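So you can see what is in the structure, the chains are spelled out below.
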Amino acid sequence: MKPLICVFQPSGRTQWLATHKTIGVTSGCQKLLVAHQFLSPSRISIYGQFERRSTASAVLTDDNSTMTTSEDEAENIGLLGIDPGLESFRDHFRYRVKRYVEQKKLIENYEGSLEEFAQGYLKFGFNREEGGIVYHEWAPAAQEAVVIGDFNGWNGSNHKMEKDQFGVWSIKIPDSGGNPAIPHNSRVKFRFKHGDGIWVDRIPAWIKYATVDPTTFGAAYDGVYWDPPSAERYQFKFPRPTKPKAPRIYEAHVGMSSSEPRVNSYREFADDVLPRIHANNYNTIQLMAVMEHSYYGSFGYHVTNFFAVSSRSGTPEDLKYLIDKAHSLGLQVLMDVVHSHASNNVTDGLNGFDVGQSTQDSYFHTGERGYHQLWDSKLFNYANWEVLRFLLSNLRWWLEEFRFDGFRFDGVTSMLYHHHGINIPFTGNYIEYFSEATDVDAVVYLMLANCLIQNVLPDATVIAEDVSGMPGLGRPVFEGGIGFDYRLAMAIPDKWIDYLKNKKDEEWSMEEISWSLTNRRHSEKCVAYAESHDQAIVGDKTIAFLLMDKEMYSGMSCLVDVSPTIERGIALHKMIHFLTMALGGEGYLNFMGNEFGHPEWIDFPREGNGWSYDKCRRQWDLVDTDHLRYKFLNAFDRAMNSLDNKYSFLASTKLIVSSTNEDEKVIVFERGDLVFIFNFHPENTYEGYKVGCDLPGKYRVALDSDAWEFGGHGRVGHDVDHFTSPEGIPGVPETNFNNRPNSFRILSPAQTCLVYYRVEENLENEENTNVDEAVIGTAKVGDGRLGDSDEDAGTGPSQLRDLEEEEMGGGSSDD
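Residues numbered from 1 in each chain as written. Predicted model: local features only at pLDDT ≥ 70, side-chain atom pairs only at ≥ 80, totals over all residues. Heavy atoms only, no water.

*Asks:* Would you mind going over the nonpolar core with me for this structure?
*Replies:* Nonpolar side chains in soluble globular proteins tend to end up buried together. Counting residues in hydrophobic clusters, the biggest one holds 201 residues, and the most contacted among them are Leu287, Trp398, Phe409, Tyr445 and Phe578. Counting residues per element, this core draws most heavily on helix α10 (residues 440–456), which supplies 12 residues. In this structure Trp398 touches Val290, Met291, Phe306, Phe307, Ala308, Val309, Leu319, Met335, Arg403, Phe404 and Phe407, once residues within four positions along its chain are discounted. Val668, Tyr689, Leu747 and Tyr756 belong to the second-largest nonpolar core, a separate cluster that totals 16 residues. (Core = buried A, V, L, I, M, F, W, Y, C linked by side-chain atoms within 4.5 Å. Buried < 20%, exposed > 50% of the residue type's maximum accessible area, 1.4 Å probe, protein only. Helix = DSSP H or I, 4+ residues; strand = E, 2+ residues; numbered from the N terminus. Contact = heavy atoms within 4.5 Å.)

In structure tokens, the structure reads:
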């Protein structure tokens, strides 16, 4: 057995990372555990709905239910082998794994398979069948029900629905004159009478499109029957792109992507914004606010209609056009999916189906458990059979109908715990993750969801937004993990904001910055980001605005001398984003506009701002205007992504921080075969600065933030060869320089970052022609400051975090 590497949490709790693989577990989420005994429901309908309080229902919902999995199978939870610190929580893992296996087995027994179960959209909602349209709706609390719409003059007397014993209402509406009785793109609603004898109109839960009258303020949404003729149905032309080794994600909101103060369309985004994203060398787009939400200012997080695209930006066919065009550019498209909660709206959301019935007959929990106090939204009952069908089908719908390439799951922390993370200061102590506070129903749902996604689309990318840091969230389901590919590194933006707001440049701690960026479970991948949409919302400030504030309005022109504030702001903006990318995770995310330092905040139209769209847009003209300095930040962002595109350092499991010098304010580390040097000192430039490295040979500049084209001064020579010198005794790290066996010397200007690559002799000519022009930018050569001084600048106490796969086996998921 290879040695363990420990990562200390803020609380002092140690998270152990092991090299050994899963013991005795067959790969694939289909084969987690076998030979279980399962209890069958006493009765089940063709929809798989359990009879109330059947024996099987008790198994799925009763936390005290007896499990029958053998001890031998429980010992094969691979996650416990990866992290021995989890061993004391074996009972918790055994319990949730059993719950997952039994739930999945029940679905397979009564629905055929998990994949078939997740095709509920072929049964529920409106679907074409021979000779008519069939409509099914799960509404156990309804006493009577009819379907109404434009097609029957909103009079449902001739379209009464029938209810089966499991609360599913249905009707078949015959064609009229050889044509569908409900015309394409016409309005429909579900009208039902509940126990109080009151009739209410609701948008069908599985509706595929919903619209609102834009001329009427505060008008309610209507469901729309969407079944375009073949001539109008969008046909995909391009295959999905290959899954990238590491995602470089461009987080985007279609509605606010126009330079004009209005809501942008899917097609305009595809034609105008996608080329920008592609030009900046991103390989992934994460689309926000796709699912229909009646309140625009919710940023898309208060979903009202889960199977419908947001009609503000166009039709389902328009969204397909956007995704297809992204695929043509080699961009995978992720969807920001919201299954953590639902809008509290009654007239146009799922909450309208809740008329006081029990949780067994509702999409949501009843009482306090069904309400999120901070979000003012409803919380799903993940143990309910029909809720599972609804949510799992929702995932498959977006993957198959629209060809999304994966998801970013919003609000995962809220799902994982009964307390939803509210006022909980997670410290890293494992008891915080595995206790009665854990919502095992939600954990099981997420395991099922990730298993389904993997089976339907093996190359999907799935990311969890979790601030708690739950161990196993990013490990495969077959190991007993929850199955996400990545988690968002959500603590990083908070650290940068704290530094920018509360610390002078001289007070920045290199050790603390480095630790904050590397303090993660290296057996689980993270997507790092310096800022996302959260930091851009009104009331907060982006990094650019924190750095330069009001001077962004007057000092960004190249036609005037740069002020100290602007010069510092541009320099640190580049360094903060690049250090976050290079050291913070195995993927990188940027929110639309932040790549060029978009000024101001985001403020959606609301009563408080006179319903203005002025700050709910992106001012692309700023980066397109040649005499403005925004172009420098954009060019550096492009170069950052290009560097990873060429060297794949984000996907490398080799990450070694060799120096965090507090006096010199310098961080030196290796990622893959590249050497990174970040000089955060506000004044000091170091000539002949000694840098430790792994491999001997000749090194050259791969990226330089001080290059002219990035708004720098061109002080570092890019045509200079830096030859290494051996350090100490080979194989004896304590005799080496900062525990590195070789070193070379460079020029390190104040508040700049540099990356060096090792020149392989047989590839030198190719490197000269490709790397220098495509990535590093241009430098002023011949000024005597080319980093070839023999003076030893020295470094302080070294820090070594060697996470190479051959030494620890972590840093990447084996799924």
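*Asks:* What is the right way to look at the sheet that holds strand β25 (residues 655–661) in this model?
*Replies:* The strands making up a sheet are joined through hydrogen bonds of the backbone, oriented either antiparallel or parallel. Taken together, the six strands give an open sheet; going across it, the order is β25-β26-β27-β33-β29-β30, and neighbouring strands pair in antiparallel fashion. Each of the sheet's edge strands pairs with one partner strand only, and the pair in question is β25 and β30 (722–723). With six bridges joining them, strand β29 (residues 698–704) and strand β33 (residues 752–759) adopt antiparallel strand pairing. Its bridge partner lying in β33, Val701 is registered against Tyr756. Each of β25, β26 (666–671), β27 (674–679), β29 and β33 touches helix α14 (residues 564–583); the most contacted strand, β26, lies at about 40° to it. Sheet strands touched by helix α16 (residues 630–647): β27, β29 and β33. Its angle to β29, the strand with the most contacts, is close to 140°. (Pairing = 2+ DSSP bridges. Axes fitted to C-alpha atoms, helices over the stretch in contact; angles between N-to-C directions.)

*Asks:* Mind showing me how you'd approach the pattern of salt bridges here?
*Replies:* A side chain of one charge can pair with a side chain of the opposite charge when the charged atoms of the two come close. On inspection of all chains with the given rule, the structure shows 53 salt bridges. One salt bridge in this structure joins Asp150 and Arg187, with 3.0 Å as the shortest N-O distance. Highlighted residues: Asp150 in the loop between β5 (144–149) and β6 (162–163) and Arg187 in strand β8 (residues 186–193), separated in sequence by 37 residues. By relative accessible area, which is 35% here, Arg187 ends up partly exposed. We note a salt bridge from Arg369 to Asp439, for which the minimum N-O separation is 3.7 Å. In this pair, Arg369 is assigned in the loop between β17 (342–343) and β18 (371–372) and Asp439 in the loop between α9 (412–416) and α10, connecting sequence segments 70 residues apart. A relative accessible area of 37% places Arg369 in the partly exposed class. (Salt bridge = Lys/Arg side-chain N within 4 Å of Asp/Glu carboxyl O.)

*Asks:* What am I meant to see in the confidence of the model for the protein here?
*Replies:* Caution is warranted with low-pLDDT regions, since their predicted coordinates should not be read in detail. In the predicted model, the protein carries a mean pLDDT of 86, and the fraction of residues at 70 or more is 84%. Counting contacts from residues 766–774, a segment whose pLDDT is below 50, to residues more than four positions away or on other chains yields 16 contacts. Per-residue pLDDT stays below 50 along residues 778–815; that stretch engages in 125 contacts with residues further than four places along the chain or on separate chains. (pLDDT = per-residue confidence, 0-100.)

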